[in-house]
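Architecture and fold: a report
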Amino acid sequence: MPLQSLSEHSFCIYGAGIVAASAYTAIEALYGCTPLFFLVSDPESACDRLYDINGIPVKTLSEWKTQVLCHRLPERYLVATPEAHHLAIVETLHALQIEDKRIFLLTNERENELMEAYYADILGHNTVPAFLSPINTGAHVYSAAGRKHGGNGAEQDRFFIEEEIEEWDASTAYEQPYLTSAVHVYQAKSHMDRPLLHHFALPSYIRPIQVGADLTEESIADLRDNDGESISAKNRNYCELTATYYAWKHSDAPYKGICHYRRLFDIKEEQMQRLLEREAEWDAILPYPTVHYPNISAQHSRYVRGEDWNAVLRALKELEPAYYKAYEQSILAEERFFYNFNMLLAKSAVFDDYCSFLFRVLERTEQLVTPRGWERADRFAGYLGENLTTIYFLKNRDKWKTLYAGKIWLT
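I will try to describe carefully the structure that is included in this document.

About the cut-offs
- Residues numbered from 1 in each chain as written.
- Predicted model: local features only at pLDDT ≥ 70, side-chain atom pairs only at ≥ 80, totals over all residues.
- Heavy atoms only, no water.
- Helix = DSSP H or I, 4+ residues; strand = E, 2+ residues; numbered from the N terminus.
- Buried < 20%, exposed > 50% of the residue type's maximum accessible area, 1.4 Å probe, protein only.
- Contact = heavy atoms within 4.5 Å.
- Pairing = 2+ DSSP bridges.
- Right-handed = clockwise from strand over helix to strand, strands pointing away.
- Polar contact = N/O pair within 3.5 Å; in protein donor to acceptor, adjacent residues only side chain to side chain.
- Axes fitted to C-alpha atoms, helices over the stretch in contact; angles between N-to-C directions.
- Parallel < 35°, antiparallel > 145°, perpendicular 65-115°, else oblique.
- Left-handed = near helix turned anticlockwise from the far one by under 90°.
- Nonpolar A, V, L, I, M, F, W, Y, C, P; charged D, E, K, R; others polar.
- Phe/Tyr/Trp six-rings, centres within 6.5 Å; stacked < 30°, edge-to-face > 60°.
- Lys NZ or Arg CZ within 6 Å of the ring centre and 35° of its normal.
- Core = buried A, V, L, I, M, F, W, Y, C linked by side-chain atoms within 4.5 Å.
- Salt bridge = Lys/Arg side-chain N within 4 Å of Asp/Glu carboxyl O.

**Side note on the overall build of the protein**
The secondary structure content of the protein amounts to 15 helices and 19 strands. Within the span of the protein, comprising 411 residues, buried residues form 55% of the whole. Across the protein, contacts joining residues at least 24 apart in sequence account for 71% of those joining residues at least 6 apart.

**Looking at the pairing of strand β5 (residues 76-79)**
Residues R76 and L78 line one face of β5 and the alternating positions Y77 and V79 line the opposite face, and both faces are buried. Here strand β1 (residues 11-14) pairs with β5 via 4 bridges, running parallel. Bridge pairing in β5 places I13 opposite L78. Across 3 bridges, β5 lies against strand β6 (residues 103-105) in parallel orientation. Paired with Y77 across the bridge in β6 is I103. Tracing the backbone out of β5, into helix α3 (residues 86-95) and back to the parallel element β6 gives a crossover that is right-handed.

**Notes on the environment of R262**
When you line up the elements, R262 lands in the loop between β12 (255-260) and β13 (263-265). Relative accessible area serves as the criterion here: at 16%, R262 is assigned to the buried category. Separated by 66 residues in sequence, R262 and L196 have C-alpha atoms that sit 8.0 Å apart. In terms of polar contacts, R262 uses its side chain to reach the side chain of Y261, at 2.8 Å.

**Side note on the packing of helix α12 (residues 306-319) against helix α15 (residues 380-395)**
Two elements in contact, α12 and α15, have axes whose closest approach is 11 Å; the angle formed by their N-to-C orientations is 50 degrees. Comparing their axes, α15 and α12 come out oblique. The crossing of α12 and α15 is right-handed. Contacts from D308, W309, V312 and L316 of α12 reach α15 at F380, L384, N387, L388 and I391. Residue composition of the contact of α12 with α15, grouped by class: 7 nonpolar, 1 polar and 1 charged.

**Structural notes on the sheet that holds strand β3 (residues 52-53)**
Pairing is mixed in the open sheet, where 6 strands are placed in the order β3-β4-β2-β1-β5-β6. Each end of this open sheet is capped by a strand with a single partner; those strands are β3 and β6. Across the sheet, helix α1 (residues 18-31) is in contact with β1, β2 (38-40), β3, β4 (56-60) and β5; its angle to β1 comes to roughly 150 degrees. Contacts between α3 and the sheet are confined to β1, β5 and β6, with β6 contributing the most and set at about 175 degrees to the helix.

**Side note on the packing of aromatic side chains**
Within this structure, the stated rule accounts for 25 aromatic pairs. Between Y354 and F393, the ring centres sit 5.9 Å apart and the planes meet at 35 degrees, which makes this aromatic pair tilted. Of this pair, Y354 sits in helix α14 (residues 348-368) while F393 sits in helix α15, and the two are 39 residues apart along the sequence. Note on accessibility: Y354 and F393 belong to one class, buried. An aromatic cluster is defined as three or more aromatic residues linked by ring pairs; in this entry it consists of Y323, Y339, F351, Y354, F357, Y392, F393 and Y404. Above the ring of F380, the side-chain terminus of R376 is found at 4.1 Å from the ring centroid.

**Regarding the packing of α14 against α15**
The geometry of α14 relative to α15 is characterised by a closest axis approach of 10 Å and an angle of 135 degrees between their N-to-C directions. When the axis of α14 is compared with that of α15, the two are oblique. Handedness of the crossing formed by α14 with α15: right-handed. Residues V350, D353, Y354, F357, L358, V361, L362, T365 and E366 of α14 pack against F380, A381, L384, G385, L388, T389, Y392 and F393 of α15. Grouping the constituent residues of the contact of α14 with α15 by class yields 12 nonpolar, 3 polar and 2 charged.

**Description of the nonpolar core**
V183, I285, L316, L344, F359 and F393 are the most contacted members of the largest nonpolar core, which has 104 residues in total. Considering every element that reaches this core, the biggest residue donor is α14, with 10 residues. For L316, the residues in contact, after removing those within four places along its chain, are P321, Y323, Y324, F357, V361, L388 and I391. One finds F37, L61, W64 and I98 within the second-largest nonpolar core, a separate group that totals 13 residues.

**Notes on the pattern of salt bridges**
Counted under the stated rule, the structure contains 14 salt bridges. E99 is the salt-bridge partner of R102, the closest N and O atoms lying 3.3 Å from each other. Taking the relative accessible area as the measure of exposure, E99 reaches 38% and is therefore partly exposed. Within this structure, R305, D308, R376 and D378 form a network of salt bridges that share partners.

**Structural notes on the side chain of T81**
Assignment of secondary structure puts T81 in the loop between β5 and α3. When near neighbours in sequence (up to four residues on either side) are disregarded, T81 contacts Y14, G15, V19, H86, I89 and L106.

**Let's talk about the sheet that holds β12**
With mixed pairing, 7 strands are arranged side by side in an open sheet as β11-β10-β9-β12-β17-β14-β18. Both edges of this open sheet fall to β11 (223-224) and β18 (402-405), since each of them pairs with a single strand only. On the sheet, helix α10 (residues 241-250) packs against β9 (183-189), β10 (206-210), β11 and β12 and is oriented at approximately 165 degrees with respect to β12.

**Structural notes on the environment of F341**
Mapped onto the secondary structure, F341 falls in the loop between β16 (337-338) and β17 (344-347). Linking F341 and Y383, residues 42 residues apart in sequence, is a C-alpha distance of 8.8 Å. Those residues in contact with F341, other than ones at most four positions away along the chain, are I18, E240, H260, R263, P287, T290, E386, K407 and W409.

This is the structure we're talking about:
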């Protein structure tokens, strides 16, 4: 079922997280249709309960089953969650007597295509938020400079990696050893990760690294985040950021990055080759921004304690007053677009500048929170890292040329 066919049917969206909110936003903008409601599994506690997204109700399974006879049933069910949850959700829908033909799964590929179309659409209508300059998807890279400034040069600035690969003379390619030495994208892996159900062949530029290696005697990767200068012992608070710190301090590659054992950039080796050849056209690559309602000021409140948020703002004000000023000037107050996942690929100078900012602020935040950061094990620094990534790249949107990539969610 093509996504645009949802405009011909009543539908609900199963999910109410970042995938669902972003999919809803894109579908409404592209096809002019909205779901009857969002459907979610019963939350573990009342504090996890979300009641609406942009005014559209969020129903739990229990609520929906008790009200189903009083309401119009959707003709279609769009499952918009990380792909790892799809099988369990389909089984849940089957138990409710919902046939496969009425269920549509928003897979990795479909999600990337949908968000690519959405961002291309808002660029074309000159309504793009100021920070959305160029966009990179798994298949295409868009330069939006012409449209952003209301000119007519965008079509000339656009280039399609896949089309160029078809015409690509392999004799001009970088040798494989150059690619693996020039690009170091560290894939954070923990001994506590749940096993993946499916094998995925990693691109050669990805380097698996064990995070939290200081906290276990178990070895799961050749690279460990406690080799040399490290913050490995802080992994229970910093999560994948201990691998980011390792890349900052130990990699001398011209391009450095970070991803997760389940979440990778959707950039094939051939596409990475083309990006290296066009290095003058970009400084950093981030995942597509996710969409949040009513704005991303509310985003951190679901994952970060108020005291921790006040501490990071105080640290910003003390150490990075220009970034604090940028934040005060509504950089987050009304924006709906947010950089999740602590994923990044950048030129070395950009990556190192970002890390210098990030870890300086987080270290000071550890001193300001109660209990102190070293007395905790609740991932607070990892969540704050996403917010600081957003602030950093919004603040530097006119300084760094940023591309945006789709993600692969491994299952």
